[in-house]
Every structure is written in structure tokens, then in C-alpha cells.
Amino acid sequence: MAVYVLVHGAWHGGWCYRETAGALRGAGHDVFTPTHTGVGERAHQGSESITLETHIRDVCGCIEAEELSDVILCGHSYGGMVITGVADRMPEQIRTLVYLDAFLPAHGQSLSSLIPLALAPEASAVFMESFYASALDGHCGRIAPIPAEAFGVRPENRAWVERRCVPQALATFEIPILLSGAGAAVKERVYILADGWDPSPFRYFAAQVEGKPGWRVIRMPCGHDVMVDMPLELASELMKLA
């Protein structure tokens, strides 16, 4: 049986993996869905002082406290930033990295710096303008969730996603990731591309790794929140790594 740590994306919480985690546990696997500081059931800890580093430490803390090893570590969207940092800190405990329609940063890059690389100029400008609008309007240092419809979430699931998502600190998107290069020791890597929505910045990252040694690219016919719209299909793909 395998050990999975499923890391959510921006504005979400561990709740978004509910059905995927249930299917994996039903098959006998150990599954952990840590929630980042300031969102999900930890929304009461929300603050503009939270950074990407905070969230990397959240997931490292889960792995350390649960004494996990041989981990299949999956990160969705912004969670790709997080798992990249986690793998750099503790590569000996990670067996496989799974980027689920996720950002794939190099040393010194932030999420906001990746958007102009991954989208055409016009789409990038629209995205960044809408992205920063809530922080500017409220002078609050936090970014409101992007509507589920913009990410291609199925209509029947949008209300649930929007009800559960909460604002997230701007600093988590702006702080660059600092990498030593130790994460290169993790040899098995998978990129799961949500192939049913546009304009998607994640096509860029899938193209960057397709055909590279140690990488495998999987395409799933859905919007960005794969674990919400195709939770059982995602579980099936993850179980192939067990």
C-alpha cells in the first residue's frame, strides 16, 4: 500500500480532496490532506503576513509529524509551488512528485512571475489585473478567490467550491521560491494536465516537461479543479503510482 500527501491549491483547503482521498483510503492506502495556514478550516489564522514559506513548512510539518516516508506527493495549482519546496527540503522522504494542473517553479521564481511566461500577453494582463483587484480595493494584503467558472469547474460543483474558498495572502504569490537543488533526487515525476479549459497557464508547464527523462504527462478532460470534477478518475491515476 502507498502513502499519499495531497496538497491543495490557492484559496482551497484539504476539503477539496474529499472524494479522491476517500477512494484512495477505500483501496487501503494511507492519505493525508494537510490544509495550509490561513485557508480551509484554518481560515481563522488568515493574515497578510503568511508566505509561500509558511505553506512549505505546513506540509513538511505534516510529513515529519506523521513520520511518513516513500511519499507520493501531489500538488494542485499553487500547490505545485509548495511541493517543489517540500521536495527540496526532504527529498529522501519523497518517492514521486505529481503536479496536478500545477505551477512548476525554478529557483528564484514566484507564482506571479510565472504567469507572464505561461500565458499570452493579453491573457496574462487580464489575469493579473483581476488577480490583484481585490487586494487593491480592500488594501488588505489578501487576494480574493477567482470564481470557479473562470477555472472551468462544472456548473454543479461551482457553488460548493466558491462557498469553501477564502482569501489568501498576497505574499504567498509574490515571494520567490528558494531551492538548493536537492529536490532533483526525486526521480519519478508526473504532470497531470486538466485539458478541458482555457486560457490555461498550465499547458505551458506540461509542454516544458513532456518527453523529459523521469517525467510522464497525463491529460484529463476537465477544468482546473480535477479533484472536484473528476475525483474518482484522479484517484485511479494516482493508484497507478502505488
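As a reminder, the structure under discussion sits directly above these lines.
It should be emphasised that the depicted structure is a prediction, and the values quoted were computed from it without experimental measurement.

Engineer: Just checking my understanding: could you explain the pattern of salt bridges for this structure?
Structural biologist: Proximity of charged atoms lets side chains of opposite charge pair with each other. For the coordinates displayed, the defined rule picks out eight salt bridges. In this structure, R42 and D58 form a salt bridge, with 3.6 Å as the shortest nitrogen-oxygen distance. Residue R42 is located in the loop between β2 (30–32) and α2 (52–65), and its partner D58 is located in helix α2; the two are separated by 16 residues in the primary sequence. A relative accessible area of 25% places R42 in the partly exposed class. Here D195 ties to R203 by a salt bridge, and the two come within 2.4 Å at their closest N and O atoms. For D195, a relative accessible area of 33% corresponds to the partly exposed category. You can call R203 partly exposed: its relative accessible area is 26%. One salt-bridge network, held together by shared partners, links E53, R57 and R89.

Engineer: Sorry if this is basic, but what is going on with the state of the cysteines here?
Structural biologist: As used here, a disulfide is simply a covalent bond connecting the sulfur atoms of two cysteines. Throughout the structure, instances matching the rule amount to zero disulfides. Here C16 stays free of any disulfide, with the sulfur of C165 as its closest cysteine sulfur at 8.0 Å. In this structure C74 is not part of a disulfide, and its nearest cysteine sulfur, from C16, lies 9.5 Å away. By relative accessible area, C74 is classed as buried at 0%.

Engineer: Hey, could you run me through the packing of helix α1 (residues 18–26) against helix α10 (residues 231–239) in this one?
Structural biologist: It is at 8 Å that the axes of α1 and α10 come closest, and there the two elements cross at 45°. With respect to α10, the element α1 is oriented oblique. In this structure, α1 meets α10 at a crossing whose hand is right-handed. Contact residues: α1 offers E19, T20, A23 and L24, while α10 offers P231, L232, L234, A235, L238 and M239. Broken down by class, the residue content of the contact of α1 with α10 amounts to eight nonpolar, one polar and one charged.

Engineer: How should I be thinking about the sheet that holds strand β8 (residues 215–220) in this particular structure?
Structural biologist: Sheet strands pair via backbone hydrogen bonds, and the direction of the pair is either parallel or antiparallel. Read from one edge to the other, the open sheet built from six strands follows the order β2-β1-β3-β4-β7-β8, with strand pairing classed as parallel. Strands with a single pairing partner mark the edges of an open sheet, and in this sheet they are β2 and β8. The average angle at which neighbouring strand axes cross in this sheet is 20°, direction not considered. Of the pairings in the sheet, the one linking strand β1 (residues 3–7) to strand β3 (residues 71–76) comprises five bridges and is parallel in character. From the neighbouring strand, Y4 faces β3, where its bridge partner is I72. Sitting on the sheet, α10 is in contact with β1, β4 (94–100), β7 (188–194) and β8, with an inclination near 160° to β8.

Reading guide: rules and limits
Starting from 1, residues in each chain are numbered consecutively following that chain's sequence as written. With the structure being a predicted model, the display of local features is reserved for residues of pLDDT at least 70 and the display and counting of side-chain atom pairs for 80 or more, all residues being used for whole-chain, interface and lining totals. Remark: hydrogens and water are excluded; side-chain values derive from all non-hydrogen atoms of the structure. For this analysis, a salt bridge means a side-chain nitrogen from Lys or Arg found within 4 Å of a carboxyl oxygen belonging to Asp or Glu. Helix and strand definitions here come from DSSP, where helices need a minimum of 4 consecutive H or I residues and strands a minimum of 2 consecutive E residues; each element is numbered from the N-terminal end. When a residue's accessible area, from a 1.4 Å probe over protein chains only, is under 20% of the maximum for its type it is buried; when over 50% it is exposed; and in between it is partly exposed. Throughout, disulfides are identified as pairs of cysteine sulfur atoms within 2.5 Å of each other. Note on geometry: axes are lines fitted to C-alpha atoms, helical ones only across the stretch in contact, with angles between N-to-C directions running from 0 to 180 degrees. When describing relative orientation, an angle under 35 degrees is termed roughly parallel and one over 145 degrees roughly antiparallel, while 65 to 115 degrees is termed roughly perpendicular and anything else oblique. Each helix crossing is assigned a hand: it is left-handed if the near helix lies turned anticlockwise from the far helix by less than a right angle, otherwise right-handed if that turn is clockwise. We call two residues in contact when some of their heavy atoms are within 4.5 Å. Charged means Asp, Glu, Lys or Arg here, nonpolar means Ala, Val, Leu, Ile, Met, Phe, Trp, Tyr, Cys or Pro, and polar covers whatever is left, Gly included. Only when DSSP finds a minimum of two bridges between them are two strands counted as paired.

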